[in-house]
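Spelled out, the chains give:
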Amino acid sequence: MADLTAAVYDETVRADIEDFRRNAVDYTDGKLTADEFRAVRLRRGVYSQRQADVHMIRTKVPAGMVTVGQMRRLAAIADEFGGGRAHLTTRQNVQYHFIPLPQVADLLHRLADVRLTTREACYNTVRNVTCCPIAGIDRHEVFNVRPHAQRLAFAFLHKELTDSMPRKFKIAFAACEHDCIGTSINDLGYRAVIRDGQRGFRVTVGGGLGPLPNESRVLVEFLPEDRIVNMAEAIIRVFNQYGNRKNKNKARLKFVLRERGFDWLKEQIEANYADILTNGGIAMPDEVPEGFGAFMENPPIPATGELLTVLEPKTADPEFDRWLESNVEEQKQDGYAIVTVRVNQGNFNGEQMRGLADIAERAGDGMVRFSMTQNVILGYISVRNLRRVFAALKLIGLSGSGADEVMDVVNCPGAYSCNLALTKSMNLGDALAEVLDNETDPRIRALAIHISGCPNSCGQHWTGDLGFYGNARKINGREVPYYQMLLGGGPDQDGVLRFGYAIQSIPARSVPIAIERVFAHFKDTRQDNEEFRAYVLRFKVEFFRAMIVDLAKPLELAAEMYQDWGDDVSYSLQLGRGECAS
């Protein structure tokens, strides 16, 4: 990109979309092979699906926040192109499914009208830069990291250095001690710190999930805030040079770390960082084009004397009380509350998206935030307006309580659309939510369930208190959908995400039974204030394996065992060429 002016950005984006349109026509006319066209479309966030002739489109949302105008455009696109539906991912993206190829360029232009882009939302690039969803309004944050995340995202967009790396590269920014955005599972993580009055970041590298998860390592304890782009460029240079370009299954930065060692990796990064400081590199933008990163120009004036409390006398509406308890927290700015809107497995429709934009505009700060747990967060909701906001959410079917609790299952689309998925993970999520919505034990409700339709971790199954990923087996010569069960993932006492322990693979239909057994035992045997991970470690993998071993291969299978959740036909394993591991 020539320089960082809005006009140059807009011109570049429009030209890129039209270039895609020409390539799409060439592919349709047989002038490009499927492999030649694959790189073209993936750079623009256009994925194949298991269904023929339609595509999934992934829209990047830098730092996880959009304006109400952008949210309304996302809703309009859902209605015009996506069958009225959209999906929130665990990386704060918005996805649309079942888009015919001839419609894609028009969809991309509609996004560009409000400065949203799909560019480098997938492929071997810097993916969507994620950020603490409540940065700027969190009572516990060190400082607001959202501007840093948005400027870094813009710095690497449309750059030759990041256009064709060995594999995808993920970056996340955390604003507080609790790592709500999972910096430790990213290739590059920035966690806000202040040292001697100076703002900066603790830098980690080499994290990742997938079939072989890897914990990140601390690269730098303190990096000045104005050097984040320089450090990112140094790491990307090393990744570009030494990442495995022959085997994509071993191409992530975490494999460079594993195979060459942390000391070697750190030395190479430091050498490149020094070269950038001496000879220059990609610059940190002073600002980004309006709309590329959503900024609040005129935040509401804080209301004095209206502190949020859930200790007030209970009302005559238990539904509202439950929602207030689980979905609302006090904001940093006095008199305002943060409202988390529970979006079932990240799936919502155009009407709901417009309704959320209306609420954010009329009762909040005009911004809509997306969380890593596939929910929507509204900020600057006046405490006096909480009842009205609850009523407005109820009208659009989004007033469910239990946000980020055990019934609020994190999930990927699975075999609904993905070529790699082995199971219909969202259908299992629906089945579990229906059972767990009635859970009353507060210690159980505080747990998290993460599900993926395959081992690739789009649902981040490694980091849930309970995790499941799809696989398949044959019993009596017939295919049966299975899930590998993991226990004990999630943040440790330092807020760092830890991976769960693999217990046992069980039939998909037996998952609720397995969960029921674990929860019953946890209730009966937990110690005072014992966290779930500590409980798992105390009893060990072998104990839990024995607890559910009878489910692993039942002597007799009921007819539904041969069917995936939500199906009334026998399960059949179908796989295509994988593209959408987020």
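Everything here concerns the structure above.
These figures come from a predicted structure and were not determined experimentally.

Asks: Before we move on, can you summarise helix α1 (residues 6-28) with the specific residues and values?
Replies: For α1, built from 23 residues, the straight-helix expectation of 33 Å at 1.5 Å per residue is met to within 8% by its first-to-last C-alpha distance of 33 Å. Regarding α1, the residues found buried are Y9, V13, D16, I17, F20, N23 and A24. Downstream of α1 by one or two residues, G30 has phi in the positive range, about 85 degrees.

Asks: Could you give me a rundown of helix α10 (residues 350-363), with the residues and numbers involved?
Replies: Every α-helix carries 3.6 residues per turn, so stepping three or four residues along brings you back to the same face. The end-to-end C-alpha distance of α10, which contains 14 residues, comes to 20 Å, matching closely the 20 Å that a straight helix rising 1.5 Å per residue would cover. G350, Q352, M353, G355, L356, A357, I359, A360 and A363 are the residues of α10 that are buried. Structurally, the start of α10 carries an N-cap: the backbone nitrogen of E351 is 3.1 Å from a side-chain oxygen of N349.

Asks: Before we move on, could you go through the sheet that holds strand β7 (residues 171-174) and cite the residues and values that matter?
Replies: Taken in spatial order, the five strands line up as β6-β7-β8-β9-β10 in an open sheet, and their pairing is mixed. The sheet terminates laterally at β6 (130-131) and β10 (217-224), the two strands that pair on one side only. Of the pairings in the sheet, the one linking β6 to β7 comprises two bridges and is parallel in character. Its bridge partner being in β7, T130 is matched across the sheet by A172. Together, β7, β8 (188-195), β9 (198-205) and β10 form the strand contacts of helix α6 (residues 228-242), whose direction differs from that of β10 by roughly 150 degrees. Relative to the sheet, helix α8 (residues 262-279) contacts β9 and β10, its axis offset from that of β10 by approximately 25 degrees.

Asks: Got a sec to walk through unusual backbone geometry? Specific residues and values, please.
Replies: One non-glycine residue, R115, lies in positive phi territory at about 55 degrees. Looking at where R115 falls in the secondary structure, it is placed in the loop between α4 (101-112) and β6. Judged by relative accessible area, R115 falls into the buried class, the value being 17%. Look at D404: it is not a glycine, yet its phi comes out positive at around 65 degrees. Take D404: it is sitting in the loop between α11 (386-395) and β16 (410-411). Judged by relative accessible area, D404 falls into the partly exposed class, the value being 38%.

Asks: Which residues make up the pairing of strand β5 (residues 94-100), and what values go with them?
Replies: With five of seven residues buried, β5 lies mostly within the body of the structure. Here strand β4 (residues 85-88) pairs with β5 via two bridges, running antiparallel. Counterpart to H87 in the pairing with β5 is Q95. Linkage of β4 to β5, two consecutive antiparallel strands, is achieved through a turn of five residues, within which Q92 is found at a positive phi near 65 degrees.

The rules behind the values
Residues numbered from 1 in each chain as written. Predicted model: local features only at pLDDT ≥ 70, side-chain atom pairs only at ≥ 80, totals over all residues. Heavy atoms only, no water. Helix = DSSP H or I, 4+ residues; strand = E, 2+ residues; numbered from the N terminus. Expected span 1.5 Å × (residues − 1). Buried < 20%, exposed > 50% of the residue type's maximum accessible area, 1.4 Å probe, protein only. Polar contact = N/O pair within 3.5 Å; in protein donor to acceptor, adjacent residues only side chain to side chain. Pairing = 2+ DSSP bridges. Contact = heavy atoms within 4.5 Å. Axes fitted to C-alpha atoms, helices over the stretch in contact; angles between N-to-C directions.

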